[in-house]
Amino acid sequence: MRIYRAKTYKDMSRKAANIISAQIIMKPNAVLGLATGSSPLGIYRQLIDWYEKGDLDFSEIRTVNLDEYKGLAPDHEQSYAYFMRKNLFDQVNINLSNTNIPNGLEENEAVECARYNRIIASFGGIDLQLLGIGANGHIGFNEPGEAFERETHCVKLADTTIQANARFFDTIDQVPKYAYSTGIKNIMQAKSILLIASGKAKAEAVNRMIRGPITPACPASILQLHNNVSIVADEEALSIYDAGCR
Ligand code: GLP
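One numbering rule holds for all chains: residues counted from 1, following each sequence as written. In keeping with the predicted nature of the model, local features appear solely for residues at pLDDT of at least 70, side-chain atom pairs appear and are counted solely at 80 or more, and the whole-chain, interface and lining totals rest on all residues. Derived side-chain values reflect all non-hydrogen atoms in the structure, with water molecules and hydrogen atoms excluded from consideration.

### A few points about the sheet that holds strand β9 (residues 192-197)
- If DSSP finds at least two bridges between two strands, the strands pair. Numbering goes from the N terminus for both helices and strands, where a helix is a DSSP run of H or I of at least four residues and a strand is a run of E of at least two. With parallel pairing, seven strands are arranged side by side in an open sheet as β1-β10-β9-β6-β2-β3-β5. Both edges of this open sheet fall to β1 (2-6) and β5 (99-100), since each of them pairs with a single strand only.
- Here strand β2 (residues 31-34) pairs with strand β6 (residues 128-131) via two bridges, running parallel. Within β6, the residue paired with Leu32 across the bridge is Leu128.

### A look at the packing of helix α1 (residues 9-26) against helix α2 (residues 41-52)
- Between α1 and α2, whose axes approach to 8 Å, the crossing angle comes to 55 degrees. Here α1 is positioned oblique relative to α2, judged by the angle of their axes. Relative to α2, α1 is oriented so that their crossing is right-handed. Contacts between α1 and α2 pair Tyr9, Ser13, Arg14, Ala16, Ala17, Asn18, Ile20 and Ser21 from the former with Leu41, Gly42, Ile43, Arg45, Gln46, Leu47 and Trp50 from the latter.
- Among the residues forming the contact of α1 with α2, the class breakdown is eight nonpolar, five polar and two charged. All axes are obtained by fitting lines to C-alpha atoms, using only the stretch in contact for helices, and the reported angles, taken between N-to-C directions, cover 0 to 180 degrees. Each angle is binned into one of four classes, with values under 35 degrees roughly parallel, values over 145 roughly antiparallel, values of 65 to 115 roughly perpendicular, and all other values oblique. With the far helix as reference, a near helix turned anticlockwise by less than a right angle produces a left-handed crossing, and one turned clockwise produces a right-handed crossing. Residue contacts follow a heavy-atom distance rule, with two residues in contact if any of their heavy atoms lie within 4.5 Å. For this scheme, ten residues count as nonpolar: Ala, Val, Leu, Ile, Met, Phe, Trp, Tyr, Cys and Pro. Four count as charged, namely Asp, Glu, Lys and Arg, and the remainder, Gly too, count as polar.

### A look at α2
- For α2, with twelve residues, the first-to-last C-alpha span of 17 Å sits near the 16 Å given by 1.5 Å per residue.
- Here the term buried applies to any residue with accessible area under 20% of the maximum for its type, exposed to any over 50%, and partly exposed to those in between, with areas from a 1.4 Å probe on protein chains only. Listed as buried for α2 are Gly42, Ile43, Tyr44, Gln46, Leu47, Ile48 and Trp50.
- Turning to α2, the residues buried within the fold contact α1, β2, α3 (80-87), β6 and β9. To estimate how far a helix should extend, the number of its residues minus one is multiplied by 1.5 Å.

### Section: α1
- In a regular helix each residue adds 1.5 Å, so 18 residues correspond to 26 Å; α1 covers 26 Å between its end C-alpha atoms and thus fits that length.
- Looking at the packing, one finds that the buried side of α1 touches β1, β2, α2, β6, β9 and β10 (229-234).

### Looking at the packing of α2 against α3
- Between α2 and α3, the shortest axis-to-axis distance is 10 Å and the interhelical angle comes to 35 degrees. Counted together, Leu41, Tyr44 and Ile48 of α2 and Phe83, Met84 and Asn87 of α3 form the full contact between these two elements.
- Class assignment of the residues belonging to the contact of α2 with α3 gives a composition of five nonpolar, one polar and no charged.

Next comes the structure, spelled out in structure tokens:
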């Protein structure tokens, strides 16, 4: 794992956006694995800025998002489909038919998981997978558990995740209890992985990801086994890990 240190959220976003833009420039039809949450917002803003300046071209880029809430329509303001259009897709020249997000409205889990796995397989691999990290060590919606889930699956969200994401909804009861998420095998098969982390709330998870035992109790710890992982994190997110190095 390569660790790139950033001073602040802004600095983290810029450094991570530079890595993604290098991928887009080097391979104009790259397959990007994309993430939602607060963490990647600064990256997406930076990429839009560079697109507007004429530095980036998304016309051939293909994307596959990590996850989606089960039960939310793509035009629901808290769906990840809505998030991606608002925060990136509608602001760059990406071809929407080249973008993929699990279908939260598909009730039949087996059908949706198989469909999504087929899409990922048809791409022949993700070139660069962007990941945030949950305070409980989750990646995508791969929650801590007793085993690593391999491919796209339907997840019962952890109570801590529901609480963490309640800030986006009017009441905690409105937070969906289930989500579709790509699995650990899908993520680990990406050619390169870029994980971002910002703030004290992530410090424990970041420490366990880098230093802890490889265990499904901290799903991000599996990334220790991938040979091309870049972590871009700010000082607060690295604080517990750094204290352990002294
Ligand atoms: C969410 C998403 C993850 C994200 C994580 C952290 O629930 N499913 O993909 O990385 O939690 O979110 P944030 O960046 O808002 O802290």
